[in-house]
Amino acid sequence: MSASSAASAPVTILVVEDEPGVRRLAAQLLQRHGFKTAEAGDGNEAVALLAAGMVPIGLVLTDIRMPNMNGLELERVVRERWPAMPVLLMSGEVTREWLVEAVHDPTVKLLRKPFTAEDLLEAIYEALQDRGVTR
């Protein structure tokens with residue numbers, strides 16, 4: 001694959017959300033804006049998808065509050081096992097300050113729910129750009 005085709009290839013975003021309707025809505029929105037998507041219902045499912053490596057994931061978009069493995073635990077696993085992969089956390093219940101304190105990382109990204117399509121896309125582009133991923 002040439003550099004120009006790699007730059008123009010759509011990024012695949014792994015949407016991790018335990019509410020199926022919210023997960024589908026986010027995935028559909030991202031698809032309408034040129035992204036490919038994969039979906040997982042919790043952190044364990046997301047790690048299994050990432051570990052399988054069958055779909056090249058460019059970013060993980062995850063809710064924080066989920067059963068089994070929550071979004072903070074997922075973020076830690078991703079940072080440990082796939083350190084170059086950007087993770088965007090989303091929640092309606094936490095503040096950015098709390099999140100930075102919880103993960104001890106001032107670069108952590110948080111998208112507050114409810115969010116608009118524009119908010120989501122802006123946060124995705126920013127997280128990808130911060131990690132050097134081009135769309």
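Conventions and cut-offs
- Residues numbered from 1 in each chain as written.
- Predicted model: local features only at pLDDT ≥ 70, side-chain atom pairs only at ≥ 80, totals over all residues.
- Heavy atoms only, no water.
- Helix = DSSP H or I, 4+ residues; strand = E, 2+ residues; numbered from the N terminus.
- Buried < 20%, exposed > 50% of the residue type's maximum accessible area, 1.4 Å probe, protein only.
- Pairing = 2+ DSSP bridges.
- Axes fitted to C-alpha atoms, helices over the stretch in contact; angles between N-to-C directions.
- Contact = heavy atoms within 4.5 Å.
- Polar contact = N/O pair within 3.5 Å; in protein donor to acceptor, adjacent residues only side chain to side chain.
- Arc of directions from axis to C-beta.
- Core = buried A, V, L, I, M, F, W, Y, C linked by side-chain atoms within 4.5 Å.

A. Representation of the overall build of the chain within the structure. Broken down by element type, the chain carries six helices and five strands. Ordering the α and β elements of the chain from the N terminus gives α-β-α-β-α-β-α-β-α-β-α. Counting across all 135 residues of the chain, residues that qualify as buried make up 43%.

B. Main features of the sheet that holds strand 5 (residues 109-112). Read across the sheet, five strands follow the order 2-1-3-4-5 without closing on themselves; strand pairing throughout is parallel. The open sheet is flanked by strand 2 (36-40) and strand 5, the only strands paired with a single partner. The average undirected angle you get between the axes of adjacent strands in this sheet is 25°. Alignment of strand 1 (residues 12-16) against strand 2, held across five bridges, turns out to be parallel. Paired with T12 across the strands is K36, a residue of strand 2. Packing of helix 6 (residues 117-130) onto the sheet brings it into contact with strand 1, strand 3 (59-63), strand 4 (87-91) and strand 5, and relative to strand 5 it is tilted by some 175°.

C. The arrangement of the side chain of K109 in detail. Summarising the element assignment, K109 is placed in strand 5. A distance of 3.2 Å separates polar atoms of two side chains, one belonging to K109 and the other to E126. When near neighbours in sequence (up to four residues on either side) are disregarded, K109 contacts V87, L88, L89, L99, E126, A127 and D130.

D. Highlighting helix 4 (residues 71-81). Within the sequence span of helix 4, burial applies to G71, L72, L74, E75 and V78. The buried residues of helix 4 all sit within an arc of 160° when viewed along its axis, so they share a single face.

E. Highlighting the environment of E93. Inspection of the secondary structure assignment puts E93 in the loop between strand 4 and helix 5 (96-103). If we skip the residues at most four places from it in the chain, E93 touches R65 and R112.

F. Geometry of the nonpolar core. Of all hydrophobic cores here, the largest spans 23 residues; its most connected members are L14, V16, L50, V60, L74, V78 and L89. Counting only elements with at least two residues in this core, the list comes to strand 1, strand 2, helix 3 (43-52), helix 4 and strand 4. Other than its neighbours up to four places away in sequence, L14 contacts A38, E39, A40, A46, L49, L50, I57, L59, V60 and L61. V11, V15, L120 and L128 belong to the second largest nonpolar core, which has 19 residues in total.

Keep in mind these numbers describe shape, not what the thing actually does.
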